[in-house]
Amino acid sequence: MTVPTLITVPVISDERGTLGVLEGDLALPFTVRRVYFISEVPESIDRGAHAHRRLEQVVIAPTGSVRISLDDGDNHATFVLDSPSKALRIPPGYWRTLDDFAPGTVVVVLASEEYDEGDYIRDHARFIEWTHHG
Ligand code: T46
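Residues numbered from 1 in each chain as written. Predicted model: local features only at pLDDT ≥ 70, side-chain atom pairs only at ≥ 80, totals over all residues. Heavy atoms only, no water.

(A) Quick look at the packing of aromatic side chains. All chains considered together, the criterion is met by 3 aromatic pairs. Between Trp-95 and Phe-127 the ring centres are 5.5 Å apart and the planes differ by 40°, which places this aromatic pair in the tilted class. Here Trp-95, found in strand β10 (residues 95–99), pairs with Phe-127, found in helix α2 (residues 124–133); they are 32 residues apart in sequence, far enough to count as distant. With a centroid separation of 5.8 Å and 65° between ring planes, the pair formed by Tyr-115 and Tyr-120 is classed as edge-to-face. (Phe/Tyr/Trp six-rings, centres within 6.5 Å; stacked < 30°, edge-to-face > 60°. Helix = DSSP H or I, 4+ residues; strand = E, 2+ residues; numbered from the N terminus.)

Written out as structure tokens, the structure reads:
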């Protein structure tokens, strides 16, 4: 079973700034079919609060900082993406919450599927039911 994993992203820094690279099967464990990004999140706002049935994602915050909490119905884990060198692989079946956004944070998400609202479980009670009975 795949579990959430922090991936170390090589970052090349020089006087011109930084350049991070996601490549290969570890950083990109699926064919990327969609990229979206989240920015300009106001202070004290949470995002997420849903799970995906099939979608797999790799999340990075190349600028700023965000906390991502993951729950599979039994186990809970929290990750802080606060560096371009950190990426988080989120397998299907995890309830996720994004909060504690630092001002100016940009979150970039690589996704295994095109957008499909039918893949979301946005009700937590339904999610718990799904984890036990599908
Ligand atoms: C996730 C977290 C990390 C689209 O039309 N296309 C898209 O590709 C996406 C991702 C969203 N949308 C629409 C659906 C909503 O009307 O954009 C609106 C905001 O989406 P949502 O409320 O789902 O945004 P977040 O930040 O709560 O969640 C997003 C992703 O939806 C989700 O898959 O894991 O970021």
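Don't stop here, the text continues.
(B) Broad picture of the sheet that holds strand β8 (residues 76–81). Pairing in this open sheet of 5 strands is antiparallel, and the strands run β8-β7-β10-β5-β12 from one edge to the other. Two strands close off the open sheet at either side, each with one partner strand: β8 and β12 (120–121). The pairing of strand β7 (residues 66–71) with β8 spans 6 bridges and is classified as antiparallel. In the sheet register, Val-66 faces β8, and the bridge partner there is Leu-81. (Pairing = 2+ DSSP bridges.)

(C) Layout of the pairing of strand β3 (residues 17–20). Direction of pairing for strand β2 (residues 11–14) relative to β3: antiparallel, over a ladder of 4 bridges. Counterpart to Ile-12 in the pairing with β3 is Leu-19. What sits between the antiparallel neighbours β2 and β3 is a turn of 2 residues.

In short, the description is geometric, and any link to function would need to be established separately.
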